[in-house]
Amino acid sequence: MADIITLRYTVSPDDFTRAGEASSDVKNKLKQLGIAPPVIRKVSIALYEGEINMVIHAKGGEITVEVSPESIRMVLADVGPGIPDISLAMKEGYSTAPDEIRSLGFGAGMGLSNMKKYTDYMDIQTELGIGTTITMIVNVT
Amino acid sequence: MTVQDLTAQKEFVPVHVGKTADREITKTFCCDLLSIAMGKAPEGCAWITVMANMNTLAVASLADAACIVLAEDVHLDETALQKAAEQDISVFETKLPIFEAALLVYRKINGE
């Protein structure tokens, strides 16, 4: 696996029945590529949290995953409302998810902190009313 | 103890047990908040929960749980059942409360 493999997904807004499809597909493709299970687990958790956030908060968006021999780079870009206070949003337990989302078992305020915890690098670029782009990297080696 | 071994437990009704039936269950994990389960469910665990929806299946698959045990007589709907079969995620249902279901799995894991 010398080249970079690029995977692209569109996340539909407000569709909880399909939430996680991109993450599941990435997981299966990483398995096929022979990536180590602990690395796949980290990517799966971080990507799913990001995907769910896009469904809940951002009216969907685009996910790009680049798989290289050294690392897996995930870019999640949305045109949602943006994050007003990143440090507050990063705090475990802080959530702005509405009640109907909480009734599905989400909204515990763990999303961004899980993404940070399970990746080796995470960057958030956000602008109110414009959108948010999150870049995460998990090292393969 | 494997997922297959759980099928012999009369309190647990197998909803779907697929190709991963021989998978070893390493731990017992109880949680109903999917965001917490996503980050903390140990790989290879039996995840006991009352949260029975499509997202439960996604979290179990992505967190690499060995199986889901739905406690308190909750059930997956038809669409979720289909997804469990499609994605080959092992799911059991039980009338037991979460604690009792978890204790039962825990004892089996520990050979009691």
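Please read all numbers here as calculations on a predicted model, not as lab measurements.

J.: I tried to follow the overall build of chain A on my own but got confused; where do I start?
T.: When helices and strands are counted, chain A shows five helices and five strands. Listed by position from the N terminus, the elements making up chain A come as β-α-α-β-β-α-α-α-β-β. Compactness check: chain A gives a C-alpha radius of gyration of 14 Å against a globular reference of 14 Å for 141 residues, within 12% of the reference. If you line up chain A on its principal axes, its C-alpha atoms span 45 × 30 × 25 Å. Sequence separation of 24 or more characterises 62% of the internal contacts of chain A that already satisfy a separation of 6 or more.

J.: Looking at this structure, I do not really get the overall build of chain B. What am I missing?
T.: Counting secondary structure elements, chain B contains five helices and five strands. Starting at the N terminus, the α and β elements of chain B follow one another as α-β-β-α-β-α-β-α-β-α. In terms of overall dimensions, chain B is globule-like: its C-alpha atoms have a radius of gyration of 12 Å, near the 13 Å expected for 112 residues. Taken across its 112 residues, chain B has 47% of its residues classed as buried. Within chain B, counting contacts between residues at least 6 apart in sequence, those at least 24 apart form 49% of the total.

J.: For this particular structure, what's the right way to read the pairing of strand β4 (residues 121-127) of chain A?
T.: On any regular strand, side chains alternate: one points to one face of the sheet, the next to the other face. Residues and elements named next belong to chain A. With seven bridges joining them, β4 and strand β5 (residues 131-139) adopt antiparallel strand pairing. Along β5, the bridge assignment pairs Q125 with T133. Counting the residues in the hairpin turn of β4 and β5 gives three residues, including G129, whose phi is positive at 80°.

J.: What am I meant to see in the confidence of the model for chain B here?
T.: Note: predicted coordinates in regions of low pLDDT should not be interpreted at a detailed level. All names here are of chain B. Mean pLDDT over chain B works out to 94, with 100% of the residues at or above the 70 mark. By mean pLDDT, the top-scoring element of chain B is strand β4 (residues 67-70) (98), and the lowest-scoring one is helix α2 (residues 34-40) (87). Across the assembled chains, the prediction reports ipTM 0.74 with pTM 0.84.

J.: Before we go on, may I ask you to explain helix α2 (residues 37-57) of chain A in this structure?
T.: Residues and elements named next belong to chain A. Across its 21 residues, α2 extends 30 Å between first and last C-alpha, which sits within 8% of the 30 Å expected from 1.5 Å per residue. Extensive coverage of α2 is indicated by the burial of 16 of its 21 residues. Just downstream of α2, K59 is the residue with a positive phi angle, here 55°.

J.: For this particular structure, what's the right way to read the interface of chain B and chain A?
T.: The parts lose accessible area when they come together, and the size of an interface is often stated as this lost area. Every contact between the two is made by 18 residues of chain B and, on the other side, 20 residues of chain A. Elements with a contribution of two residues or more to the side of chain B that touches chain A: α2 and α3 (54-62) of chain B. In terms of residue class, the side of chain B that touches chain A is built from nine nonpolar, six polar and three charged.

J.: Explain the nonpolar core to me, please; I cannot follow it from the model alone.
T.: Counting residues in hydrophobic clusters, the biggest one holds 74 residues, and the most contacted among them are W47(B), C67(B) and V69(B). Ranked by residue count, the leading element in this core is α2(A), at 10 residues. Aside from chain neighbours lying at most four places away, what touches C67(B) is V3(B), L6(B), I25(B), A46(B), S90(B), V91(B) and F92(B).

J.: Is there a simple way to think about helix α4 (residues 78-86) of chain B in this case?
T.: Note: α-helices contain 3.6 residues per turn, so residues at a spacing of three or four share the same orientation. All names here are of chain B. Those residues of α4 not exposed but buried are A80, K83 and A84. Projected onto a plane normal to the axis of α4, the buried residues spread over an arc of 100° and lie on a single side. Across from the buried face of α4, at angles greater than 90 degrees, the exposed residues are E78, T79 and E86. On the buried face of α4, the contacting elements are β1 (12-16), α3 and β5 (91-94). Positive backbone phi, approximately 55°, marks D88, located one or two places after α4.

Rules of the game
- Residues numbered from 1 in each chain as written.
- Chains lettered and ligands numbered in written order.
- Predicted model: local features only at pLDDT ≥ 70, side-chain atom pairs only at ≥ 80, totals over all residues.
- Helix = DSSP H or I, 4+ residues; strand = E, 2+ residues; numbered from the N terminus.
- Rg over C-alpha atoms; globule rule 2.2 N^0.38 Å.
- Contact = placed C-beta atoms within 7 Å.
- Buried ≥ 20, exposed ≤ 12 C-beta atoms within 10 Å, placed from the backbone.
- Pairing = 2+ DSSP bridges.
- pLDDT = per-residue confidence, 0-100.
- Expected span 1.5 Å × (residues − 1).
- Nonpolar A, V, L, I, M, F, W, Y, C, P; charged D, E, K, R; others polar.
- Core = buried A, V, L, I, M, F, W, Y, C linked by C-beta atoms within 7 Å.
- Arc of directions from axis to C-beta.

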